[in-house]
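Understanding the architecture of this molecule
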Amino acid sequence: MEQQTTMELEVAGRRIPLHVRRETVEPSPHTGRELACVHGWVVTSEEEFHDWLTTTLPKIDNQPLRSYSDDGTRGKWNLSWNSYAESAGIHTYTLILREFEELSIEMLVVAGMELHPYEYREEFSDEGLAIQAKIVGSVDELRQLTALIRVGTPLPVERRGIQDRPRSMRFGAGEWSVHEDRIKYRLILIDADADASARATLLGRQEVNNRASLEFYANFVERLSAMLADYGILPREEIEAAREAARMEIGIQRSEFWRVPDVDLL
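Described below are features of the structure shown in this document. (Residues numbered from 1 in each chain as written. Predicted model: local features only at pLDDT ≥ 70, side-chain atom pairs only at ≥ 80, totals over all residues. Heavy atoms only, no water.)

Turning next to helix 2 (residues 139-151). For helix 2, spanning 13 residues, the distance from its first C-alpha to its last is 19 Å, which sits close to the expected 18 Å at 1.5 Å a residue. Residues of helix 2 that are buried include every one of Leu-142, Leu-145, Thr-146 and Ile-149, and no others. Burial along helix 2 is one-sided: seen end-on, the buried residues are contained in an arc of 105°. Opposite the buried face of helix 2, by more than 90 degrees, sit the exposed residues Arg-143 and Val-151. (Helix = DSSP H or I, 4+ residues; strand = E, 2+ residues; numbered from the N terminus. Expected span 1.5 Å × (residues − 1). Buried < 20%, exposed > 50% of the residue type's maximum accessible area, 1.4 Å probe, protein only. Arc of directions from axis to C-beta.)

Dropping the structure here:
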């Protein structure tokens, strides 16, 4: 039988005792390094404490929690799962803690293109890795990224500072905006072998952006056409001929489909 120990877990500014039942080691899906994993219980017969736990634990989400042990050891954890049971007035919360891992991206390299995100987040799910990165860049960089998105084939992606080994990934989105003569853009990348449902979620966002852009251009062109005709600059027959020619070819730059008012609001 394993000897149980106790650690104090700081939750929402309050230290609670966690009775450690088991400690294991698991590989990190992000970096591959080994991370500690703690399985334990929080037990109480106090109704006030029980009510507080019931309200507080579901709100933790991805916030890291600090721990303190009797031997002076400190830790930082993610609460990955919890369950609850009650028997004879004793409330038992089963918690699993996984060692918190600071992910600091130094550089994102996509198909050899070096990018320096000012905001970066990555998550693992059953579908694999999904990356969201926000970057400030130039018009030329935006054009290069748009060209890569348009191709749609898997690309090698390096997350330097996290894991240098390239992953085969696809673009899911590429919104951009102009702010004080700078271009900010947000990229979403997903593992190349992600299933259809994960890709559909990202394509759904693309459909919304496409519809919004098309609505803008349609309204703009119709207003401009009416002005040209009203001011006698172009005969209405020539305007209608231009409409017919437009139906025969694609003329809107696809990068405009991804333009948004402000990337930082996404």
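This part takes up the layout of surface pockets. What the largest pocket holds in volume is close to 820 Å³. As for the largest pocket, its lining consists of 23 residues, and the residues nearest its centre are His-30, Asn-62, Asn-78, Leu-103 and Glu-122. No other element matches strand 9 (residues 119-125), which puts 5 residues into the lining of the largest pocket. (1 Å grid on protein atoms, 1.4 Å probe; cavity = no way out; pocket = protein on both sides within 12 Å on 5 of 7 lines; lining within 4 Å. Points joined across faces, edges and corners; volume = space filled by probe spheres on them.)

Attention shifts here to the nonpolar core. Counting 23 residues, the largest nonpolar core has Leu-108, Val-110, Leu-115, Phe-171, Tyr-185 and Leu-189 as the members making the most contacts within it. What Leu-189 contacts, discounting residues up to four positions off in sequence, is Leu-108, Val-110, Leu-129, Ala-130, Ile-131, Val-157, Met-169, Arg-170 and Phe-171. The next biggest cluster of nonpolar side chains, apart from the first, holds 19 residues, and it includes Leu-18, Phe-49, Leu-57 and Tyr-93. (Core = buried A, V, L, I, M, F, W, Y, C linked by side-chain atoms within 4.5 Å. Contact = heavy atoms within 4.5 Å.)

What follows is about unusual backbone geometry. Unusually for a residue other than glycine, Ala-12 sits at a positive phi of about 50°. In this fold, Ala-12 is placed in the loop between strand 1 (5-11) and strand 2 (14-27).

Looking now at the environment of Leu-108. Mapped onto the elements, Leu-108 comes out in strand 7 (residues 107-110). In this structure, the C-alpha to C-alpha distance between Leu-108 and Arg-160, residues 52 residues apart in sequence, is 6.2 Å. In contact with Leu-108, not counting residues within four places along its chain, are Met-113, Glu-114, Leu-115, Pro-117, Tyr-120, Ala-133, Val-157, Glu-158, Arg-159 and Leu-189.

Going through the model one piece at a time under the given rule, you end up with 2 aromatic pairs. Residues Tyr-84 and Tyr-93 carry aromatic rings whose centres are separated by 4.9 Å and whose planes lie at 45° to one another, so their mutual orientation is tilted. Classification of Tyr-84 by relative accessible area gives partly exposed; the value is 40%. Across from the ring centre of Tyr-68, 3.7 Å away, lies the NZ or CZ of Arg-15, which sits over that ring. (Phe/Tyr/Trp six-rings, centres within 6.5 Å; stacked < 30°, edge-to-face > 60°. Lys NZ or Arg CZ within 6 Å of the ring centre and 35° of its normal.)

Now for the environment of Thr-24. Mapping Thr-24 onto the fold places it in strand 2. Taking the C-alpha atoms as reference points, Thr-24 and Glu-34, 10 residues apart in sequence, are found 9.9 Å from one another. Here Thr-24 is in contact with Leu-35, Ala-36, Cys-37 and His-39, once residues within four sequence places are set aside.

What the rule picks out here adds up to 14 salt bridges. Residue Glu-123 is joined to Arg-121 by a salt bridge in which the shortest nitrogen-to-oxygen separation is 3.8 Å. Judged by its relative accessible area of 43%, Glu-123 falls in the partly exposed class. Judged by its relative accessible area of 40%, Arg-121 falls in the partly exposed class. Across the pair Asp-191 and Arg-167 runs a salt bridge whose closest N-O atoms are separated by 2.8 Å. Here the residue Asp-191 occupies a position in strand 13 (residues 182-191), and Arg-167 occupies one in strand 12 (residues 163-179), the gap between them amounting to 24 residues. (Salt bridge = Lys/Arg side-chain N within 4 Å of Asp/Glu carboxyl O.)

The analysis is restricted to geometry; functional conclusions fall outside its scope.
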